[in-house]
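What follows is the residue order along each chain.
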Amino acid sequence: MRVSTDRDRCVGSGQCALLSPEVFDQDADGLVVVLRESPAEELRGEVLQAVDLCPSRTIRVHD
Amino acid sequence: MTQSADAVPEAGPPLPQFPMRRTCPFSEPREYAAMRAEDPVSRAALKVNGKPTWLVTRHEHVRQVLGDGRVSSNLKLPGYPHQFHIPEEMLAQVRLMMLNMDPPEHSAHRRMLIPEFTARRVREMRPRIQEIVDERVDAMLAAGGPVDLVTALALPVPSLVICELLGVPYEDHARFEEWSAAMMNHELSPAEYGAAVQALDMYLDKLVTLKEKEPGDDLISRFLEKNRTEQVADHVDVVTMARLMLVGGHETTANMIALGVLALLRHPEQLAELRADPALLPNAVEELLRVFSISDSGTARVAVADIEVGDVTIRAGEGILALNNAADHDESVFPDPGTLDIHRKEARSHLAFGYGIHQCIGANLARVELEAVYGTLLRRIPGLRLAAEPDELRFKDDAMVYGVYALPVTW
Ligand code: HEM
Ligand code: SF4
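As named in an unreviewed UniProt entry, chain B is Cytochrome P450, taken from Streptomyces actinomycinicus.

Under the annotation held in an unreviewed UniProt entry, chain A carries the name Ferredoxin and is attributed to Streptomyces actinomycinicus. UniProt lists a comment for chain A under the heading Function (unreviewed entry), and it reads "Ferredoxins are iron-sulfur proteins that transfer electrons in a wide variety of metabolic reactions." In its Cofactor (unreviewed entry) section, UniProt records this for chain A: "[3Fe-4S] cluster".

What follows is the structure, encoded as structure tokens:
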């Protein structure tokens, strides 16, 4: 699983950082940063939830 | 079939009126389920002015509309579905709050504020929020029951949290709280209400002027500092922003505190489970937010281009209410949606905080406040119970934000 984001779309709601703190954080500007681009497989569930709940469809998961 | 508002035959049956009442305080208006099933994007007439608006009721469609770049939040545009009366002359003069801005202004303002509300920042506020809650619960215990939970806890907690966020000096807290509570008090005369609004406005104006001269460690000062390079806002914008924080964060959170406590008292088995295992609290908070979705029609828009939603074409210039309470009772996402279930797996998918670029900036802060209040009450006042008959409670049926006016409790 690989995670990427389109930071221009991020509205800084912090849903991702709340749901999956090992994978997502917010920088000093409040925008998403990916902590682990290839997170462990057991985090797939919460990462997919972050993809779904992100209000600006900023997060993508590849394979 | 594709239809649009102007294609509807003149002689059709009269449009249903909006808002529709929640006949049971714990469920959505009765009409919503049928609309979701048969006519998920349908027309209604706004009670306040008789003008038509679209109602969007399915979860999928509400997300689609709120995520669409072809809708505007600008309440000055013709067609915007107003839910209370604002005279034209006044509307023209209104300074837009971020809530009603569109990109690129919206993005510029929001980016100034999001650092204040990151998951980490909110986590850092947690100990202080807990202190605020504990102080209020101490006062309740000292006074002894029965007390009105709305005035004793639900209103002061979010008010104090916003006070500290905005950097209101400690010696002004009591006055600030008084005015902001008065703005929510529907029993005041229009004159008393007007006086409270004016006093608060003047106060916020003075507060911003003070921060311009003597910056402190607070949201307003940081906003002003950043604004020196970004040049996004003028003085009036900053005052308007401070007021938005109060309007957006005070009554909403207060209503959720009171309604949530009431719902838990009515489900003693789930309340007992929560008390035994506080780790269940975060999901319980999401489920309570879902069940009540108190800002149902707060997600109002106007189309700026033709957009297809389901089988319907919404034309440019037509108003849209993307009803988050209807979406949060969509049985295709939330099975048995009328039942409160603190273990519900999909609770987090609720849209009570909206969706898209305007999704509530204070959502994570509100979550922490609600967890702190519910958790503290369960722990410190285990004997908490209602001190009124359930049918004596008065609910905010006609208000934009749903709630209960008073909640007498004892222990
Ligand atoms: C349970 C409590 C709350 C509920 C149910 C709630 C609900 C909402 C909803 C539905 C929206 C979206 C409106 C739209 O799409 O047009 C919103 C936006 C907003 N909320 Fe909240 N809110 C709550 C608490 C708070 C708090 C605590 C704050 C601040 C301290 C806050 C500040 C705001 C602001 C500034 C916006 C505008 C965001 C933007 O336009 O980008 N809210 N809220
Ligand atoms: S959930 Fe989406 S919008 Fe919110 S911080 Fe994460 S990436 Fe940004």
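That covers the picture; the talk isn't over yet.
(A) How the structure looks around the overall build of chain B. The secondary structure content of chain B amounts to 16 helices and eleven strands. Relative to the 2.2 N^0.38 estimate, which gives 22 Å for 411 residues, the radius of gyration of chain B is 21 Å and therefore close to what a compact globule would have. When its C-alpha atoms are laid out on the principal axes, chain B stretches across 65 × 55 × 40 Å. Expressed as a percentage of the 411 residues in chain B, the buried residues total 53%. Across chain B, contacts joining residues at least 24 apart in sequence account for 71% of those joining residues at least 6 apart. Element-wise, carbon and sulfur atoms account for 55% of the exposed surface of chain B, whose accessible area totals about 18,000 Å². Taken as two groups, the 42 positive and 60 negative side-chain charges of chain B have centres that lie 3 Å from each other.

(B) Highlighting the nonpolar core. By size, the foremost hydrophobic cluster in this structure holds 109 residues, and its most contacted members are Phe24(A), Leu377(B) and Leu407(B). The dominant element in this core, judged by the number of residues it contributes, is helix 16 (residues 363–380) of chain B, at ten residues. With 17 residues, the next largest nonpolar core counts Val56(B), Val62(B), Ala303(B) and Ile307(B) among its residues.

(C) Seen up close, helix 14 (residues 281–292) of chain B. All names here are of chain B. With twelve residues, helix 14 should cover 16 Å at 1.5 Å per step; its first-to-last C-alpha distance of 17 Å lies within 8% of that length. By the burial criterion, the buried members of helix 14 are Leu281, Ala284, Val285, Glu286, Glu287, Leu288, Leu289, Arg290, Val291 and Phe292. Residues of helix 14 that are buried sit in contact with helix 12 (251–265), helix 13 (268–276), helix 15 (324–327) and helix 16. Positive backbone phi, approximately 30°, marks Ser293, located one or two places after helix 14.

(D) Quick peek at the interface of chain B and chain A. Each partner contributes to the interface: chain B provides 16 residues, whereas chain A provides 24 residues. Of the roughly 1,800 Å² buried between chain B and chain A, counting both surfaces, carbon and sulfur atoms make up 43%. Taken together, chain B and chain A are joined by two salt bridges. Between Arg63(B) and Asp52(A) there is a salt bridge; the shortest N-O distance is 2.9 Å. The tally of links between chain B and chain A comes to ten residue pairs in polar contact (both at pLDDT 80 or more). Only helix 4 (105–113), helix 5 (119–143) and helix 16 of chain B provide two or more residues apiece to the side of chain B that touches chain A.

(E) Structural view of the site of ligand 1. Residues and elements named next belong to chain B. Around ligand 1 sit 26 residues, and of these His106, Arg110, Arg301, His358 and Cys360 come closest. His106 places a side-chain nitrogen or oxygen 2.7 Å from an oxygen atom of ligand 1. Here an oxygen atom of ligand 1 and a side-chain polar atom of Arg301 are 2.8 Å apart. Elements supplying a minimum of two residues to the shell around ligand 1: helix 4, helix 11 (235–249), helix 12 and helix 16. Grouping the constituent residues of the shell around ligand 1 by class yields 14 nonpolar, ten polar and two charged.

(F) How the structure looks around the packing of aromatic side chains. Residue and element names in this part refer to chain B. Using the criterion set out here, one finds four aromatic pairs over all chains in the structure. Aromatic pair Phe176 and Tyr203: ring centres 6.2 Å apart, planes at 65°, arrangement edge-to-face. Taken together, the residues Phe176 in helix 8 (residues 173–184) and Tyr203 in helix 9 (residues 190–213) connect sequence positions 27 residues apart. Each member of the pair Phe176 and Tyr203 is classed as buried. For the pair Trp179 and Tyr203, a centre-to-centre distance of 5.6 Å together with 50° between the ring planes defines the contact as tilted. One end of the pair, Trp179, is in helix 8; the other, Tyr203, is in helix 9, with 24 residues separating them in the sequence.

Calculation notes
- Residues numbered from 1 in each chain as written.
- Chains lettered and ligands numbered in written order.
- Predicted model: local features only at pLDDT ≥ 70, side-chain atom pairs only at ≥ 80, totals over all residues.
- Heavy atoms only, no water.
- UniProt positions renumbered as here; feature names shortened; annotations may be inferred.
- Helix = DSSP H or I, 4+ residues; strand = E, 2+ residues; numbered from the N terminus.
- Rg over C-alpha atoms; globule rule 2.2 N^0.38 Å.
- Buried < 20%, exposed > 50% of the residue type's maximum accessible area, 1.4 Å probe, protein only.
- Contact = heavy atoms within 4.5 Å.
- Areas by Shrake-Rupley, 256 points an atom, 1.4 Å probe, with all protein chains shown as cover.
- Lys, Arg positive; Asp, Glu negative; His and termini not counted.
- Charge placed at Lys NZ, Arg CZ, Asp CG, Glu CD.
- Core = buried A, V, L, I, M, F, W, Y, C linked by side-chain atoms within 4.5 Å.
- Expected span 1.5 Å × (residues − 1).
- Buried area = accessible area lost by both parts, 1.4 Å probe.
- Salt bridge = Lys/Arg side-chain N within 4 Å of Asp/Glu carboxyl O.
- Polar contact = N/O pair within 3.5 Å; in protein donor to acceptor, adjacent residues only side chain to side chain.
- Near = heavy atom within 4 Å.
- Nonpolar A, V, L, I, M, F, W, Y, C, P; charged D, E, K, R; others polar.
- Phe/Tyr/Trp six-rings, centres within 6.5 Å; stacked < 30°, edge-to-face > 60°.

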